[in-house]
Amino acid sequence: MLISRGSLVLSSSSNSIKAATQAGAEAERRINELTSQIEAANRHYYEEDAPTISDAHYDSLIRELEELERQFPNLSRPDSPTQLVGGRAGETFSPVRHR
């Protein structure tokens, strides 16, 4: 029996299951790594007004995370940076009352 999972094709053999398990573990590791990098970039950009990476690099991290979440939907989380918009405003900004 073959099961297609994105670009990964699984068969019922134990080697294929082991490979799928390893791919999932590697994807989870990379998702955690990307999430950490993106959260740090967001903090520097939004809260500290001191970006540490270029917009292009940030976009590439987000695209890679989105792709991994598409390939492994069971690993996507509601608090993923791909599910959030913006960040906290830095404390140097004064509150403004809108009319």
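Treat the numbers as computed from the prediction; the structure is a model and nothing was measured.

The rules behind each value
Residues numbered from 1 in each chain as written. Predicted model: local features only at pLDDT ≥ 70, side-chain atom pairs only at ≥ 80, totals over all residues. Heavy atoms only, no water. Helix = DSSP H or I, 4+ residues; strand = E, 2+ residues; numbered from the N terminus. Buried < 20%, exposed > 50% of the residue type's maximum accessible area, 1.4 Å probe, protein only. Contact = heavy atoms within 4.5 Å. Areas by Shrake-Rupley, 256 points an atom, 1.4 Å probe, with all protein chains shown as cover. Expected span 1.5 Å × (residues − 1). Arc of directions from axis to C-beta.

**Student:** What am I meant to see in the overall build of the protein here?
**Tutor:** From N to C terminus, the protein includes 2 helices and 2 strands. In the protein, the succession of α and β elements from N to C terminus is β-β-α-α. When the 99 residues of the protein are sorted by exposure, 22% land in the buried category. Excluding contacts between residues fewer than 6 apart, the proportion of contacts in the protein whose partners are at least 24 apart in sequence is 51%. Here the protein has roughly 7,500 Å² of accessible surface; of this, 52% comes from carbon and sulfur atoms.

**Student:** Hey, could you run me through helix H2 (residues 55–71) in this one?
**Tutor:** Taking 1.5 Å of rise per residue, 17 residues should cover 24 Å, and H2 covers 24 Å from first to last C-alpha, within 8% of that figure. Of all the residues in H2, the buried ones are Leu-61, Ile-62, Leu-65, Leu-68 and Glu-69. The arc that holds the buried residues of H2, viewed along the axis, is 125°, so those residues lie on one side. In H2, the exposed residues that point more than 90 degrees away from the buried face are Asp-55, Ala-56, Arg-63 and Arg-70. Each element contacted by the buried residues of H2 is listed here: helix H1 (14–47).

Nothing here speaks to function; it is geometry throughout.
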